[in-house]
Amino acid sequence: MAVFVEYTEPVWRGMNMRDLKVDEAYIVVKSQYDEPAYLYSRSEECYTCPYSYVKPMHNFMFKLNVARGWEFKVYDRDASDHGMLCNDTICNSVCELYAPTTLLQEFGVYNFTLRQNGSCELVTDKTGVDVNLSLASVCLLVTLVLAAIRMSWCAWRSYSFMSEAAVNATATNETVTPVQPSKRMRSLDAFRGMAIVLMIFVNSGGGGYWWIEHAPWNGLHLADVVFPSFLWIMGVCIPISVKSQMARGTPKARICRRIVWRSFKLFAIGVCLNSINGPQMSNLRIMGVLQRFAVAYLVCGLVHTLFVQRDYLMPQIAWKRALCDIILLRAEFLVMLTLIAIYLALIFGLPVPDCPSGYLGPGGKHHNAQYPNCTGGANGYIDRVILGNAHIYQHPTAKYVYGAQAFDPEGVFGCLLTVVQAFLGVLAGVIILVHTAWIARIQRWLYWSLGLALLGGMLCFFSIEDGPIPINKNLWSLSFVLVTSALAFFMLTILYYVIDVRRWWAGFPFVESGMNAIVMYVGHTVMHKMLPWHWRIGPMNTHFILLLESTWNTLLWVAIALYLDSVKFYYSL
């Protein structure tokens, strides 16, 4: 059992192993070299960064986070007069060595030796632990817990329904008749529920796994798909809601007023949540997650309401029928293409002081620290001009890897493509309204999923760091919008087929969570540092204990959602 909870010996060769944090290991440095030499290192996560100074090559020991691979170089000089950074243009290399993640493990001990002939080697002194075993053990535990909850939930709901029905039948002397199934798409609620549950899990730390947390700059990690999925789902609901209101005879002007009012409430709640650590107006962050929702909902909702037809009629001509999605939303497509054109023109054409044209990097140490104050290029520059540096997010993920300056991943400029993301959800919602057959819906969704994925992949050359527009959640880049929307189309296709078409799965417990997503989001944000949702026991220095804490918090909010569903309480703005 010890292997599943990342157990390690308390002491190894005089080193206190319990002092190590999650993903840390000891590097023991030994030198047999006769000349002065200095150790430098660079994480593979820090793309095109210079090497950072560690220490002179004497016998010493240091801790290193080994979640990602590392590159080591020994130079012949101390670069403290160059900002503690070094590269081959200002320093002479003695030796270099690459240590991949397959070699370095959590709680391991590794000997880095510089030989007398100038060569270097890294040898394992103590094997670390496999952090993936903790993930497997917690997943198994959660599966058993959810299975037990499901059985108890079904038994309780069945008993409650039969008891209530029997009482009503006795009182009215009527026969108990089964309830007709709802026409509501449960897969949409399940998708929304998955997004909010994953968001709570990620915001709780995600067990400390790097691939669960947000990517430091370019790339796509698990946490990066949550927010765009939410936005996309919100877009899906817009045409369904608008058509329902119009079918009841609600005037467009009244629908628009409701959209404006709801957007205002979302934005206001988001600003209030930003003040949770104290409403200091001099540095209050203006933008945020709910604020982005508000802007996207306002624009997409108003545009769709103004241009929507009262009846979605399928064209009779073959080519028009094939392009019916685009034809029905031609006005909205024109608006979205205009937003994309404005976005691209600004990020590649706007002059940014002391930054190269079209720069999309994180600044700081990126590109050998040539542009330290250019975080986000035009994106970051526009946000700083509009909001001021004090009113944007001060702790972006790039700060801890690249040493980047303040940057708001939910800033003002990124709202342009956030609207486009929500609009692609509107497209999926219109497909639901136009195509009544499930096969037609799935075909259209899959076509759009494949097309968007290929287009997004071409923009980034199907790689992390290459291409004219890399996938980047911080910048909310065009390739990011296309790829995450493609994933959303595909995910809804799978859920729709499994839940609504074949009914192999009822969507438990995600349907119930999706019905009260705003309650769960606001609640978990407000209660983030409070018992019983969060707790600390001892050093909390293993993935296993961090996973338990994150999972406990997530399951507790799922339980709250189940309770709210049992009492028929559903809240939406």
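Residues numbered from 1 in each chain as written. Predicted model: local features only at pLDDT ≥ 70, side-chain atom pairs only at ≥ 80, totals over all residues. Heavy atoms only, no water.

Tallied over the full model, the rule gives 3 disulfides. At a sulfur-sulfur separation of 1.9 Å, the disulfide partner of Cys-46 is Cys-49. With the S-S bond torsion at -70°, the cross-link from Cys-46 to Cys-49 turns out left-handed. In this structure Cys-49 comes out as buried when scored by relative accessible area, which is 1%. Note that Cys-355 is cross-linked by a disulfide to Cys-374, the S-S spacing being 1.9 Å. Taking the torsion about the S-S bond as the criterion, the Cys-355 to Cys-374 disulfide, at about -100°, is left-handed. Of the two residues, Cys-355 is situated in the loop between helix H8 (330–349) and helix H9 (366–369) and Cys-374 in the loop between H9 and helix H10 (378–387); the sequence distance between them amounts to 19 residues. Like Cys-374, Cys-355 is buried. (Disulfide = S-S within 2.5 Å. Buried < 20%, exposed > 50% of the residue type's maximum accessible area, 1.4 Å probe, protein only. Helix = DSSP H or I, 4+ residues; strand = E, 2+ residues; numbered from the N terminus.)

Following the sequence through the fold, Gly-193 ends up in helix H2 (residues 186–203). Taking relative accessible area as the criterion, Gly-193 reaches 0% and is therefore assigned buried. For the pair formed by Gly-193 and Asn-516, sequence separation is 323 residues and the distance between their alpha carbons is 8.4 Å. With residues up to four places along the chain from it excluded, the contact list for Gly-193 reads Phe-510, Ser-513 and Gly-514. (Contact = heavy atoms within 4.5 Å.)

Below, the discussion takes up the nonpolar core. If you look at the biggest cluster of nonpolar residues, it comprises 103 residues, and the most contacted ones within it are Ile-196, Trp-232, Phe-293 and Trp-445. Residues within four places of Ile-196 in sequence aside, it is in contact with Phe-230, Ser-513, Ala-517, Met-520 and Tyr-521. (Core = buried A, V, L, I, M, F, W, Y, C linked by side-chain atoms within 4.5 Å.)

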